[in-house]
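# Analysis of the macromolecular model
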Amino acid sequence: MSQTQVSVTDLDLPQLSEVKKQLDEELSHLSSSFAQLSKAQAKFKACIENVAEVNPNNKDKTILIPLTNSLYVPGKLKDPENVIIDVGTGYYVKKSRDDARKHYQKKADFVKSNLEKLQETIEKKQENMNFLLNVMQVKMAQQQRQGAAPSAS
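Notes on the structure follow.

To continue, consider the overall build of the protein. Looking only at helices and strands, the protein features 2 helices and 4 strands. Reading the protein from its N terminus to its C terminus gives the helix and strand order α-β-β-β-β-α. Principal axes of the C-alpha set define a box for the protein whose edges measure 95 × 40 × 25 Å. The buried share of the protein, taken over its 153 residues, is 22%. Taking all contacts inside the protein whose residues are at least 6 apart in sequence as the whole, residues at least 24 apart take part in 55%. In the structure as shown, the protein presents an accessible area of about 11500 Å², 53% of it carried by carbon and sulfur atoms. Of note, the protein has its 22 positive side-chain charges centred 6 Å away from the centre of its 19 negative side-chain charges.

The following block contains the structure:
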């Protein structure tokens, strides 16, 4: 299946409006994805910081254990050398603090590389949008001049 490329300068205003609508939807979706990836990256960075808080000096100290975002119960830290991490889809794995930190750092780095790629894509789409808007402005100005020309004679 071969695709024929058409320059946006060859399109009329209704067609340009449709292309703009499509670009708006794509930019909205990409921006939403960027926001979600940013939240995931922040979550992984927070996990790295939280793992660092678990250390041998805190053994047998009373800590608050979150059950929900706003509900905690007191508990004692018995094994400060290991943590249990969520590896996804309801599976949890016991890891050393260092392995847990490496795990979350790897995840954060992966998300960071995807964010960078997504940022490039968003910037390219935004450039396309700006070009399209310029073409639409030129075409509207041409239509206005053509509409004004007959009434002047």
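What follows deals with the environment of Asp98. Within the secondary structure layout, Asp98 lies in helix H2 (residues 97-152). The exposure class assigned to Asp98 is partly exposed, which follows from its relative accessible area of 36%.

Within the secondary structure, Ile65 is located in strand E1 (residues 62-66). Setting aside residues up to four positions removed in sequence, Ile65 forms contacts with Leu71, Tyr72, Val73 and Gly75.

Looking now at a negative patch on the surface. On the surface, a cluster of negative charge is made up of Glu116, Glu120, Glu123 and Glu127. Mapped onto the elements of the fold, Glu123 is located in helix H2. Given a relative accessible area of 42%, Glu123 falls into the partly exposed group.

Below, the discussion takes up the pattern of salt bridges. In this structure the tally under the stated criterion is 6 salt bridges. In this structure, the salt-bridge partner of Asp98 is Arg101, at a minimum N-O distance of 3.1 Å. Placement of both Asp98 and Arg101 in helix H2 is noted, with a separation of 3 residues, approximately one turn of the helix. A relative accessible area of 35% means that Arg101 is categorised as partly exposed. Residues joined by salt bridges that share partners form a network here, namely Asp98, Arg101 and Lys102.

Moving on: unusual backbone geometry. A negative phi angle characterises most non-glycine residues, just as the trans form characterises most peptide bonds. Even without being a glycine, Asp60 presents a positive backbone phi close to 65°. Positionally, Asp60 belongs in the loop between helix H1 (13-53) and E1. Positioned with a positive phi, Thr89 is a non-glycine residue whose angle comes to about 45°.

Where nonpolar side chains cluster on the molecular surface, the patch consists of Ile63, Ile65, Leu67 and Leu71 and spans about 330 Å² of accessible area. Within the secondary structure, Leu67 is located in the loop between E1 and strand E2 (72-76).

Here E1 pairs with E2 via 5 bridges, running antiparallel. Within E2, the position partnered with Pro66 by the bridge is Tyr72. Connecting the antiparallel pair E1 and E2 is a turn made up of 5 residues.

What counts as what
- Residues numbered from 1 in each chain as written.
- Predicted model: local features only at pLDDT ≥ 70, side-chain atom pairs only at ≥ 80, totals over all residues.
- Heavy atoms only, no water.
- Helix = DSSP H or I, 4+ residues; strand = E, 2+ residues; numbered from the N terminus.
- Buried < 20%, exposed > 50% of the residue type's maximum accessible area, 1.4 Å probe, protein only.
- Contact = heavy atoms within 4.5 Å.
- Areas by Shrake-Rupley, 256 points an atom, 1.4 Å probe, with all protein chains shown as cover.
- Lys, Arg positive; Asp, Glu negative; His and termini not counted.
- Charge placed at Lys NZ, Arg CZ, Asp CG, Glu CD.
- Patch = residues over 30% accessible without salt bridge, like charges linked within 9 Å, V, L, I, M, F, W, Y side chains within 5 Å.
- Salt bridge = Lys/Arg side-chain N within 4 Å of Asp/Glu carboxyl O.
- Pairing = 2+ DSSP bridges.

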